[in-house]
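# Residue-level structure breakdown
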Amino acid sequence: MNDIRIRPGSLADAPVILDMLDAAVAWMNARGNTEQWGTTPYSQKPGGVERVERYTTENVPYIAELDGRPVGALVLDSGPSPQMPIAPAGEAERYVRLLVSDRRHAGRGIGAALLDHAAEETRRAGVELLRVDCWAGGGGELVAFYERNGFTPTDPFLYGAWPGQVLARRVA
């Protein structure tokens, strides 16, 4: 995990983030998971490109690199997406709006390194709460991933028929 470098992201990173998202959709679909992110490549979804561009300009993006090549991305915000049925925390928080890694480098700890970086940035900002939401379907593998990375499930929710789970991590 020591060879992963995390740097601030920018609008220039939007194409590589979209490539990672498209590859993640294809990877999930190949494994039989068509519910989490659907079957349409992210870059072809209505508003997909614009959403990623907003993430890199209106939020705080970070890019994980391995040997100088982008292999993961995380986007921090001050709260959950207003489009999601998720209640505000009732205190200052940082919120992981996006976490994606290059599936060709799966198992290298990229997601864990990005989450640790998000926790450190949250702490550095003087904020004690880091939250994230994720798909809670399938066998709950994604919820378990966040639990392994120090998060505790708090509030389940439904976004239409999509089952979600909010998780929280105290960083102080």
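Throughout, a residue's number is its position along its own chain's written sequence, starting from 1. It should be noted that, the model being predicted, local features are given only for residues of pLDDT at least 70 and side-chain atom pairs only at 80 or more, the latter also being counted only at that level, while totals for whole chains, interfaces and linings use all residues. Computation of side-chain values: all heavy atoms of the structure, hydrogens and water removed.

## Considerations on the overall build of the protein chain
Worth spelling out the cut-off: The helix count covers DSSP runs of H or I at least four residues long, the strand count covers runs of E at least two residues long, and both are numbered beginning at the N terminus. Buried, partly exposed and exposed residues are distinguished by accessible area as a fraction of the type maximum, computed with a 1.4 Å probe on protein chains only: under 20%, between the cut-offs, and over 50%, respectively. The Shrake-Rupley method, run with a 1.4 Å probe, gives the accessible areas here. Residue values count only the displayed protein chains as cover. Residues scored as charged are limited to Lys and Arg (positive) and Asp and Glu (negative), so that His and the chain ends carry no count. Charged groups are reduced to one reference atom each: NZ for lysine, CZ for arginine, CG for aspartic acid, CD for glutamic acid.
From N to C terminus, the protein chain includes 4 helices and 7 strands. Element order for the protein chain, N to C, with α for helix and β for strand: β-α-α-β-β-β-α-β-α-β-β. Overall, the protein chain is about 40 × 35 × 30 Å in size when its C-alpha atoms are taken along their principal axes. Counting over 172 residues, the protein chain shows a buried share of 47%. Carbon and sulfur atoms form 50% of the exposed surface of the protein chain, whose accessible area is close to 8700 Å². Here the protein chain contributes 18 positive and 22 negative side-chain charges, whose respective centroids are spaced 2 Å apart.

## Overview of the environment of Thr 56
Under the convention used in this document: Pairs of residues are marked as contacts when any of their non-hydrogen atoms sit within 4.5 Å.
In this structure, Thr 56 sits in helix H2 (residues 48-58). Excluding residues within four positions of it along the chain, Thr 56 makes contact with Ser 10, Leu 11, Ala 14, Ile 17 and Pro 61.

## Looking at the pairing of strand E7 (residues 162-170)
Inclusion rule: A pair of strands is labelled paired if DSSP reports no fewer than 2 bridges between them.
The element E7 is extensively covered by neighbouring structure, given that 7 of its 9 residues are classed as buried. Bridging between strand E5 (residues 129-135) and E7 involves 7 bridges; their strand directions are antiparallel. Bridging from a neighbouring strand, Leu 129 pairs with Arg 170 of E7. Bridge analysis of strand E6 (residues 152-159) against E7 gives 6 bridges, and the strand direction is antiparallel. Residue pairing in the sheet places Leu 158 in a bridge with Pro 163 of E7.

## Points about the sheet that holds E5
So the rule is basically this: Interaxial angles span 0 to 180 degrees and are taken between N-to-C directions of axes, which are lines fitted to C-alpha atoms, for helices over the stretch in contact.
The 7 strands are arranged E1-E2-E3-E4-E5-E7-E6 in an open sheet whose pairing can be described as mixed. Where the open sheet ends on each side, the last strands, each with one partner, are strand E1 (4-8) and E6. Going across the sheet, the axis of each strand differs from the next one's by a mean of 25 degrees, ignoring polarity. Of the pairings in the sheet, the one linking strand E2 (residues 60-66) to strand E3 (residues 69-77) comprises 7 bridges and is antiparallel in character. Of the residues in E3, the one forming a bridge with Pro 61 is Val 75. Along the sheet, helix H4 (residues 141-148) contacts strand E4 (94-101), E5, E6 and E7; its crossing angle with E5, the most-contacted strand, is approximately 160 degrees.

In short, the description is geometric, and any link to function would need to be established separately.
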